[in-house]
Amino acid sequence: MESMVRHLHEAIKEVRITPAEWMEAITFLTRTGQISDNKRQEFILLSDVLGVSMLVDTLAHDTTSGATANTVLGPFHVSDAPHYANGADIRLKQTGEAMWVAGGVRDTEGRPVAGANLDVWQADDSGFYDVQRPNDLPEWNLRGQFTTDGNGHYDFITSKPLHYPIPSDGPVGDLLNALDRPFIRPAHLHFIVTADGYAPVITHYFDDRCPYLQYDPVLGVKSSLLTRFEPNVEHSGSAKSDSVKWTARCDFVLARGGDDPSA
Ligand code: BEZ
Ligand code: FE
(Lines give C-alpha, C1' and ligand atoms only; values in the text may rest on other atoms or scores of the structure.)
(Ligands and ions follow the chains in the order given, each with its own letter.)
Protein backbone atom coordinates (compact mmCIF):
# COMPACT_ATOMS: atom_id res chain seq x y z
CA MET A 1 0.00 0.00 0.00
CA GLU A 2 2.86 2.37 0.84
CA SER A 3 4.25 2.00 -2.66
CA MET A 4 0.80 2.37 -4.27
CA VAL A 5 0.06 5.56 -2.30
CA ARG A 6 3.51 7.01 -3.02
CA HIS A 7 3.11 6.45 -6.77
CA LEU A 8 -0.46 7.76 -6.72
CA HIS A 9 0.64 10.96 -5.01
CA GLU A 10 3.53 11.32 -7.45
CA ALA A 11 1.17 10.98 -10.43
CA ILE A 12 -1.31 13.49 -8.97
CA LYS A 13 1.50 16.00 -8.39
CA GLU A 14 3.05 15.41 -11.81
CA VAL A 15 -0.25 15.94 -13.66
CA ARG A 16 -1.55 18.56 -11.15
CA ILE A 17 -4.98 16.94 -10.85
CA THR A 18 -7.73 19.53 -10.27
CA PRO A 19 -10.77 19.02 -8.00
CA ALA A 20 -12.96 18.67 -11.14
CA GLU A 21 -10.65 15.96 -12.51
CA TRP A 22 -10.65 14.22 -9.13
CA MET A 23 -14.48 14.19 -9.21
CA GLU A 24 -14.38 12.82 -12.79
CA ALA A 25 -12.16 9.95 -11.61
CA ILE A 26 -14.49 9.20 -8.67
CA THR A 27 -17.47 9.13 -11.04
CA PHE A 28 -15.58 6.85 -13.45
CA LEU A 29 -14.73 4.35 -10.69
CA THR A 30 -18.28 4.51 -9.32
CA ARG A 31 -19.70 3.68 -12.77
CA THR A 32 -17.15 0.88 -13.13
CA GLY A 33 -18.52 -0.66 -9.93
CA GLN A 34 -22.15 -0.03 -10.78
CA ILE A 35 -22.00 -1.77 -14.17
CA SER A 36 -20.27 -4.84 -12.69
CA ASP A 37 -22.21 -7.86 -11.48
CA ASN A 38 -21.68 -11.61 -11.37
CA LYS A 39 -21.73 -11.74 -15.21
CA ARG A 40 -19.84 -8.56 -16.01
CA GLN A 41 -16.55 -7.51 -14.39
CA GLU A 42 -15.71 -4.01 -15.59
CA PHE A 43 -12.80 -3.69 -13.12
CA ILE A 44 -11.03 -6.66 -14.72
CA LEU A 45 -11.68 -5.13 -18.15
CA LEU A 46 -10.16 -1.89 -16.84
CA SER A 47 -7.14 -3.82 -15.59
CA ASP A 48 -6.93 -5.54 -19.00
CA VAL A 49 -6.90 -2.31 -21.05
CA LEU A 50 -4.39 -0.69 -18.67
CA GLY A 51 -2.01 -3.62 -19.30
CA VAL A 52 -2.14 -4.53 -15.60
CA SER A 53 -3.57 -8.05 -16.14
CA MET A 54 -0.77 -8.96 -18.55
CA LEU A 55 1.88 -7.42 -16.30
CA VAL A 56 0.71 -9.34 -13.22
CA ASP A 57 0.60 -12.52 -15.28
CA THR A 58 4.10 -11.95 -16.66
CA LEU A 59 5.50 -11.38 -13.16
CA ALA A 60 3.83 -14.56 -11.90
CA HIS A 61 5.34 -16.86 -14.53
CA ASP A 62 8.82 -18.07 -15.21
CA THR A 63 9.21 -17.22 -18.88
CA THR A 64 12.38 -19.33 -19.09
CA SER A 65 10.67 -22.64 -18.21
CA GLY A 66 9.93 -23.43 -21.87
CA ALA A 67 6.20 -23.72 -21.15
CA THR A 68 3.66 -22.14 -23.50
CA ALA A 69 3.18 -18.47 -22.61
CA ASN A 70 0.05 -17.37 -20.77
CA THR A 71 -2.21 -14.54 -21.75
CA VAL A 72 -5.41 -12.94 -20.42
CA LEU A 73 -8.33 -15.18 -19.43
CA GLY A 74 -10.93 -12.64 -20.57
CA PRO A 75 -14.56 -12.38 -19.48
CA PHE A 76 -16.09 -15.05 -21.74
CA HIS A 77 -14.80 -18.26 -20.17
CA VAL A 78 -17.54 -20.52 -18.76
CA SER A 79 -16.57 -23.43 -16.50
CA ASP A 80 -17.70 -27.01 -17.09
CA ALA A 81 -18.00 -26.95 -20.88
CA PRO A 82 -19.10 -30.27 -22.41
CA HIS A 83 -16.48 -33.01 -22.80
CA TYR A 84 -16.06 -34.35 -26.33
CA ALA A 85 -14.08 -37.11 -28.01
CA ASN A 86 -11.22 -35.96 -30.22
CA GLY A 87 -12.37 -35.01 -33.71
CA ALA A 88 -15.76 -33.71 -32.48
CA ASP A 89 -17.39 -30.64 -34.01
CA ILE A 90 -18.08 -27.89 -31.44
CA ARG A 91 -20.25 -25.82 -33.82
CA LEU A 92 -23.71 -26.12 -32.31
CA LYS A 93 -24.85 -23.58 -34.90
CA GLN A 94 -23.38 -24.18 -38.36
CA THR A 95 -22.19 -20.71 -39.30
CA GLY A 96 -19.00 -19.49 -40.92
CA GLU A 97 -16.22 -21.60 -42.36
CA ALA A 98 -15.25 -24.83 -40.64
CA MET A 99 -11.72 -25.12 -39.26
CA TRP A 100 -9.88 -28.21 -38.07
CA VAL A 101 -7.75 -27.45 -34.98
CA ALA A 102 -5.15 -30.03 -34.02
CA GLY A 103 -1.98 -30.25 -32.01
CA GLY A 104 -0.06 -31.88 -29.24
CA VAL A 105 0.70 -31.32 -25.58
CA ARG A 106 4.29 -32.02 -24.55
CA ASP A 107 6.42 -31.51 -21.46
CA THR A 108 9.51 -29.29 -21.46
CA GLU A 109 11.64 -32.33 -22.45
CA GLY A 110 9.47 -32.89 -25.53
CA ARG A 111 7.67 -35.94 -24.19
CA PRO A 112 3.95 -36.26 -25.02
CA VAL A 113 1.57 -35.56 -22.15
CA ALA A 114 -1.28 -38.08 -22.37
CA GLY A 115 -4.54 -37.33 -20.57
CA ALA A 116 -4.09 -33.52 -20.59
CA ASN A 117 -7.35 -31.56 -20.58
CA LEU A 118 -7.91 -28.74 -23.09
CA ASP A 119 -10.78 -26.38 -22.29
CA VAL A 120 -11.45 -24.35 -25.46
CA TRP A 121 -13.74 -21.41 -26.26
CA GLN A 122 -13.92 -18.79 -28.97
CA ALA A 123 -16.00 -16.20 -30.81
CA ASP A 124 -17.85 -17.18 -34.00
CA ASP A 125 -17.46 -15.88 -37.56
CA SER A 126 -19.36 -12.71 -36.59
CA GLY A 127 -17.17 -12.09 -33.53
CA PHE A 128 -19.68 -13.19 -30.88
CA TYR A 129 -19.42 -15.63 -27.98
CA ASP A 130 -22.54 -17.69 -27.20
CA VAL A 131 -22.98 -15.83 -23.88
CA GLN A 132 -23.25 -12.50 -25.72
CA ARG A 133 -26.16 -13.66 -27.89
CA PRO A 134 -28.16 -16.10 -25.74
CA ASN A 135 -31.25 -15.73 -27.95
CA ASP A 136 -29.41 -16.47 -31.22
CA LEU A 137 -26.60 -18.83 -30.27
CA PRO A 138 -26.98 -22.20 -28.53
CA GLU A 139 -25.48 -22.48 -25.06
CA TRP A 140 -21.97 -24.01 -25.33
CA ASN A 141 -21.57 -22.99 -28.98
CA LEU A 142 -17.83 -23.14 -29.85
CA ARG A 143 -16.86 -24.44 -26.40
CA GLY A 144 -15.68 -27.83 -25.28
CA GLN A 145 -13.17 -29.92 -23.37
CA PHE A 146 -10.85 -32.45 -24.99
CA THR A 147 -8.39 -34.98 -23.61
CA THR A 148 -5.07 -35.79 -25.25
CA ASP A 149 -4.56 -39.36 -26.43
CA GLY A 150 -1.58 -41.61 -25.67
CA ASN A 151 0.59 -39.57 -28.08
CA GLY A 152 -0.40 -36.28 -26.46
CA HIS A 153 -2.61 -35.37 -29.46
CA TYR A 154 -6.01 -33.73 -29.60
CA ASP A 155 -8.14 -32.35 -32.41
CA PHE A 156 -11.55 -30.84 -33.03
CA ILE A 157 -13.62 -29.09 -35.68
CA THR A 158 -14.75 -25.53 -35.07
CA SER A 159 -15.61 -22.34 -36.92
CA LYS A 160 -12.87 -19.96 -38.08
CA PRO A 161 -13.08 -17.13 -35.52
CA LEU A 162 -13.31 -13.45 -36.40
CA HIS A 163 -11.74 -10.46 -34.61
CA TYR A 164 -14.22 -8.68 -32.31
CA PRO A 165 -14.58 -5.59 -30.10
CA ILE A 166 -14.20 -5.85 -26.33
CA PRO A 167 -17.33 -4.72 -24.39
CA SER A 168 -17.46 -0.97 -25.05
CA ASP A 169 -20.85 0.14 -23.68
CA GLY A 170 -19.48 0.96 -20.21
CA PRO A 171 -16.90 3.26 -18.63
CA VAL A 172 -13.96 1.29 -20.10
CA GLY A 173 -15.39 1.93 -23.58
CA ASP A 174 -15.67 5.63 -22.73
CA LEU A 175 -12.06 5.63 -21.57
CA LEU A 176 -10.79 3.99 -24.80
CA ASN A 177 -12.86 6.44 -26.85
CA ALA A 178 -11.45 9.42 -24.91
CA LEU A 179 -7.92 8.12 -25.48
CA ASP A 180 -8.63 7.30 -29.14
CA ARG A 181 -7.55 3.73 -28.49
CA PRO A 182 -8.72 0.73 -30.55
CA PHE A 183 -11.37 -1.76 -29.35
CA ILE A 184 -10.83 -4.74 -31.63
CA ARG A 185 -9.13 -7.92 -30.40
CA PRO A 186 -7.39 -9.93 -33.14
CA ALA A 187 -9.00 -13.28 -34.04
CA HIS A 188 -8.04 -16.01 -31.56
CA LEU A 189 -8.90 -19.31 -29.93
CA HIS A 190 -8.82 -19.58 -26.12
CA PHE A 191 -7.34 -22.56 -24.28
CA ILE A 192 -6.84 -23.66 -20.69
CA VAL A 193 -4.51 -26.66 -20.73
CA THR A 194 -4.17 -28.70 -17.55
CA ALA A 195 -2.59 -32.02 -16.61
CA ASP A 196 -1.80 -33.67 -13.28
CA GLY A 197 1.61 -32.63 -12.02
CA TYR A 198 1.95 -29.69 -14.45
CA ALA A 199 1.35 -25.97 -14.10
CA PRO A 200 -1.83 -24.99 -15.97
CA VAL A 201 -1.55 -22.78 -19.05
CA ILE A 202 -4.23 -20.14 -19.73
CA THR A 203 -3.66 -18.83 -23.21
CA HIS A 204 -4.82 -18.08 -26.77
CA TYR A 205 -3.60 -18.87 -30.25
CA PHE A 206 -3.96 -15.89 -32.60
CA ASP A 207 -4.47 -15.86 -36.37
CA ASP A 208 -1.05 -14.66 -37.52
CA ARG A 209 -2.56 -12.85 -40.52
CA CYS A 210 -5.22 -10.95 -38.62
CA PRO A 211 -4.89 -7.22 -39.42
CA TYR A 212 -5.68 -6.32 -35.79
CA LEU A 213 -2.71 -8.17 -34.26
CA GLN A 214 -0.76 -4.98 -33.51
CA TYR A 215 -3.66 -3.18 -31.85
CA ASP A 216 -4.91 -5.60 -29.21
CA PRO A 217 -6.71 -3.36 -26.65
CA VAL A 218 -5.74 -5.72 -23.80
CA LEU A 219 -2.09 -6.16 -24.93
CA GLY A 220 -2.43 -9.94 -24.89
CA VAL A 221 -0.56 -10.83 -28.10
CA LYS A 222 2.81 -12.62 -27.85
CA SER A 223 4.78 -13.72 -30.89
CA SER A 224 4.98 -17.30 -29.58
CA LEU A 225 1.16 -17.46 -29.63
CA LEU A 226 0.70 -16.87 -33.36
CA THR A 227 -0.47 -19.65 -35.63
CA ARG A 228 -1.42 -19.76 -39.29
CA PHE A 229 -4.99 -20.48 -40.34
CA GLU A 230 -4.14 -22.53 -43.45
CA PRO A 231 -6.33 -23.94 -46.19
CA ASN A 232 -7.11 -27.50 -45.14
CA VAL A 233 -5.02 -29.83 -47.26
CA GLU A 234 -4.16 -32.33 -44.52
CA HIS A 235 -7.59 -33.84 -44.79
CA SER A 236 -7.52 -33.82 -48.58
CA GLY A 237 -9.19 -36.82 -50.08
CA SER A 238 -11.19 -37.42 -46.91
CA ALA A 239 -14.82 -36.55 -46.41
CA LYS A 240 -13.73 -33.74 -44.08
CA SER A 241 -11.68 -31.87 -46.69
CA ASP A 242 -14.72 -30.79 -48.70
CA SER A 243 -16.52 -29.18 -45.82
CA VAL A 244 -13.61 -28.15 -43.57
CA LYS A 245 -11.90 -25.29 -45.39
CA TRP A 246 -9.27 -24.31 -42.81
CA THR A 247 -6.82 -25.85 -40.42
CA ALA A 248 -4.78 -24.46 -37.52
CA ARG A 249 -2.07 -26.15 -35.51
CA CYS A 250 -1.98 -25.26 -31.81
CA ASP A 251 0.75 -27.03 -29.80
CA PHE A 252 1.35 -26.65 -26.08
CA VAL A 253 4.25 -27.21 -23.69
CA LEU A 254 3.56 -27.77 -19.98
CA ALA A 255 6.14 -27.34 -17.24
CA ARG A 256 6.23 -29.51 -14.12
CA GLY A 257 4.62 -28.03 -11.03
CA GLY A 258 1.10 -27.80 -9.80
CA ASP A 259 0.68 -24.13 -9.11
CA ASP A 260 -2.41 -22.45 -10.40
CA PRO A 261 -1.51 -19.31 -12.42
CA SER A 262 -4.71 -17.61 -11.29
CA ALA A 263 -3.78 -18.07 -7.59
C1 BEZ B 1 -11.29 -12.20 -24.66
O2 BEZ B 1 -10.42 -12.54 -25.42
O3 BEZ B 1 -12.26 -12.94 -24.58
C4 BEZ B 1 -11.16 -10.90 -23.88
C5 BEZ B 1 -10.04 -10.68 -23.10
C6 BEZ B 1 -9.94 -9.52 -22.38
C7 BEZ B 1 -10.94 -8.57 -22.45
C8 BEZ B 1 -12.05 -8.78 -23.25
C9 BEZ B 1 -12.17 -9.97 -23.97
FE1 FE C 1 -11.61 -13.86 -26.69
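See above for the structure.
### Side note on the site of ligand 1
Around ligand 1 there are 13 residues in total, and Pro75, Tyr164, Arg185, His188 and His190 lie nearest to it. At a separation of 3.0 Å, an oxygen atom of ligand 1 approaches a polar side-chain atom of His190. In the complex, the protein chains occlude 100% of the 270 Å² of accessible area that ligand 1 would expose alone. For the shell around ligand 1, the secondary structure elements donating two or more residues are α3 (42-49) and β7 (188-194). Its residues assigned to classes, the shell around ligand 1 comprises seven nonpolar, four polar and two charged.

### Structural notes on the pairing of strand β1 (residues 98-107)
For β1, a buried count of nine out of ten residues is recorded, marking the element as mostly surrounded by other parts of the structure. Here β1 pairs with strand β4 (residues 153-159) via seven bridges, running antiparallel. Counted as the bridge partner of Val101 is Phe156 from β4. Here five bridges tie β1 to strand β11 (residues 244-249), and the two strands are oriented parallel to one another.

### Some remarks on the packing of α3 against helix α5 (residues 171-178)
At a closest axis distance of 9 Å, the pairing of α3 and α5 adopts a crossing angle of 25°. Judged by the angle between their axes, α3 and α5 are roughly parallel. In this structure, α3 contributes Glu42, Leu45, Leu46 and Val49 to the contact, and α5 contributes Pro171, Val172, Gly173, Leu175 and Leu176.

What counts and how
- Residues numbered from 1 in each chain as written.
- Chains lettered and ligands numbered in written order.
- Predicted model: local features only at pLDDT ≥ 70, side-chain atom pairs only at ≥ 80, totals over all residues.
- Heavy atoms only, no water.
- Near = heavy atom within 4 Å.
- Polar contact = N/O pair within 3.5 Å; in protein donor to acceptor, adjacent residues only side chain to side chain.
- Areas by Shrake-Rupley, 256 points an atom, 1.4 Å probe, with all protein chains shown as cover.
- Helix = DSSP H or I, 4+ residues; strand = E, 2+ residues; numbered from the N terminus.
- Nonpolar A, V, L, I, M, F, W, Y, C, P; charged D, E, K, R; others polar.
- Buried < 20%, exposed > 50% of the residue type's maximum accessible area, 1.4 Å probe, protein only.
- Pairing = 2+ DSSP bridges.
- Axes fitted to C-alpha atoms, helices over the stretch in contact; angles between N-to-C directions.
- Parallel < 35°, antiparallel > 145°, perpendicular 65-115°, else oblique.
- Contact = heavy atoms within 4.5 Å.

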